[in-house]
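One letter stands for each residue in the lines below.
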Amino acid sequence: MNTPASPTSPASPTPPPVRLLIVDDDPLVRAGLTLMLGGDEGIDIVGEGADGDEVEELVERLHPDVVLMDIRMPVMDGLTATERLRRRPGAPEVVVLTTFHADEQVLRAIRAGAAGFVLKDTPPARIVDSVRRVAAGDPVLSPAVTRQLMARAAGGGHDDRAGRTDRARRRLDQLAEREKEVAVAVGRGGSNAEIAGSLYLSVATVKTHVSRILAKLELNNRVQIALLVHDAGLLDTDGTDAEGGGGLR
């Protein structure tokens, strides 16, 4: 007697590879990145650029998901290119390549909408992971580096800080109370899963809150949420709530 075949569960569809554009004026760096990243089946290198002034045309033609962008280039630097690119509707994410651990130029790139940055001496596997994470909507800044950058952002005179704090708090007042709690948790560097656990929410609900925060505050990514929470004075130097509670006051 023939035994009927047992049903098999359908295999999960494999996500398409991340379409990556590499922009760096050093041909050796481009070649190294192409060799390093091109061997990963989850990344498809769709093109290369040698200067920031090429970026918009390359993006228009190649439709990358992520741009890996050098800062220092001779005609148009990567910061200006990032600012211009991120003003475009449906712009790809940008990861800035840098030799600096913390620098005002990196901060400018993040405020312009870059999803984060990686150091040029970062191990290959970490760069691959960074590109994948950015494509999935997560920043590529560790909490320690984020705090360094936010501390740099907090520099300046007392009047500047006071004005920035007031403006940031007024912007955060646009959020519902639960959204504010999620914003503070993002400022502490928590992942969606970590935020879900600390606030007793599902990961899907956290993602929804983050999307609403970005839309309401007209921000590009989670790092900008973290900078805004810091500007509002709601994190201490260790990245914990400055006011002792989960929500903003």
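Residues numbered from 1 in each chain as written. Predicted model: local features only at pLDDT ≥ 70, side-chain atom pairs only at ≥ 80, totals over all residues. Heavy atoms only, no water.

## Here's the deal with the overall build of the protein
How we decide: Note on conventions: DSSP H or I runs of at least 4 residues are helices, E runs of at least 2 residues are strands, and numbering of each starts at the N terminus. Only protein chains enter the accessibility calculation, which uses a 1.4 Å probe; a residue whose area is less than 20% of its type maximum is buried, one above 50% is exposed, and one in between is partly exposed. Should any heavy atoms of two residues lie within 4.5 Å, those residues are considered in contact. The accessible surface values rely on the Shrake-Rupley method and a 1.4 Å probe; as for residues, cover is taken only from the protein chains in view.
Secondary structure assignment for the protein yields eleven helices and five strands. Burial analysis of the protein (249 residues in total) assigns 47% to the buried set. Counting contacts in the protein only where the partners sit at least 6 residues apart, residues at least 24 apart contribute 66% of the total. A total accessible area of about 12800 Å² is found for the protein, and carbon and sulfur atoms account for 52% of it.

## Let's talk about the environment of Gln174
Tracing the backbone through its elements, the reader meets Gln174 in the loop between α7 (158-172) and α8 (177-187). Sequence spacing of Gln174 and Leu217 is 43 residues, and the spatial spacing of their C-alpha atoms is 7.7 Å. Ignoring sequence-local partners within four residues, the contact set of Gln174 consists of Lys216 and Leu217.

## Observations concerning the side chain of Glu181
Note that Glu181 resides in helix α8. Relative accessible area serves as the criterion here: at 17%, Glu181 is assigned to the buried category.

## Re the packing of helix α1 (residues 27-38) against helix α5 (residues 124-135)
Spelled out, the test is: Lines fitted to C-alpha atoms define the axes here, with helix axes fitted over just the stretch in contact, and angles between the N-to-C directions of these axes take values from 0 to 180 degrees. The scheme is simple: roughly parallel for angles under 35 degrees, roughly antiparallel for over 145, roughly perpendicular for 65 to 115, oblique for anything else.
For the pair α1 and α5, the least separation of the axes is 10 Å and the interaxial angle reads 75 degrees. Considered as vectors, α1 and α5 are oriented roughly perpendicular to each other. Residues Leu33, Met36 and Leu37 of α1 touch α5, and the partners they reach there are Pro124, Ile127 and Val128.

## Comments concerning the pattern of salt bridges
Any two side chains of opposite charge can pair, on the condition that their charged atoms come close. Cut-off, in case you're wondering: The salt bridge criterion pairs a side-chain nitrogen of Lys or Arg with a carboxyl oxygen of Asp or Glu, the two atoms within 4 Å.
Under the definition given, this model contains eleven salt bridges. Here Arg164 makes a salt bridge to Asp231, at a shortest N to O gap of 3.5 Å. Separated by 67 residues along the polypeptide, Arg164 in helix α7 and Asp231 in helix α11 (residues 222-231) bring together distant segments of the chain. Each member of the pair, Arg164 as well as Asp231, is classed as buried. Across the pair Arg178 and Glu181 runs a salt bridge, and its minimum N-O distance is 2.4 Å. In this pair, Arg178 and Glu181 both sit in helix α8, three residues apart, roughly one turn of the helix.

## A few points about the nonpolar core
Convention followed: We call a set of buried residues a nonpolar core when its members are Ala, Val, Leu, Ile, Met, Phe, Trp, Tyr or Cys and they connect through side-chain atoms within 4.5 Å of each other.
Formed by 23 residues in total, the largest nonpolar core has its most connected members in Leu172, Val210, Ile213, Leu217, Ile225 and Val229. Sorting the residues of this core by element identifies α7, α8, α9 (192-199), α10 (203-217) and α11 as the ones contributing at least two each. Apart from the residues lying within four places of it in its own chain, the contact partners of Ile225 are Ala183, Val186, Val210, Ile213, Leu214 and Leu219. In terms of nonpolar packing, the next biggest core, distinct from the first, is built from 22 residues, Leu21, Leu58, Met69 and Phe117 among them.

## Observations concerning the sheet that holds strand β1 (residues 18-23)
Convention followed: Paired strands, as defined in this entry, are two strands with at least two bridges between them according to DSSP.
Strand order across the open sheet formed by five strands is β2-β1-β3-β4-β5, with parallel pairing between neighbours. Each end of this open sheet is capped by a strand with a single partner; those strands are β2 (43-49) and β5 (116-119). Pairs of neighbouring strands in the sheet enclose a mean axial angle of 25 degrees, with direction left out of account. Here β1 pairs with β2 via six bridges, running parallel. Bridged to Val18 within β2 is Ile43. Where helix α3 (residues 78-86) meets the sheet, it contacts β3 (66-70) and β4 (93-98), and its direction lies at approximately 155 degrees from that of β3.

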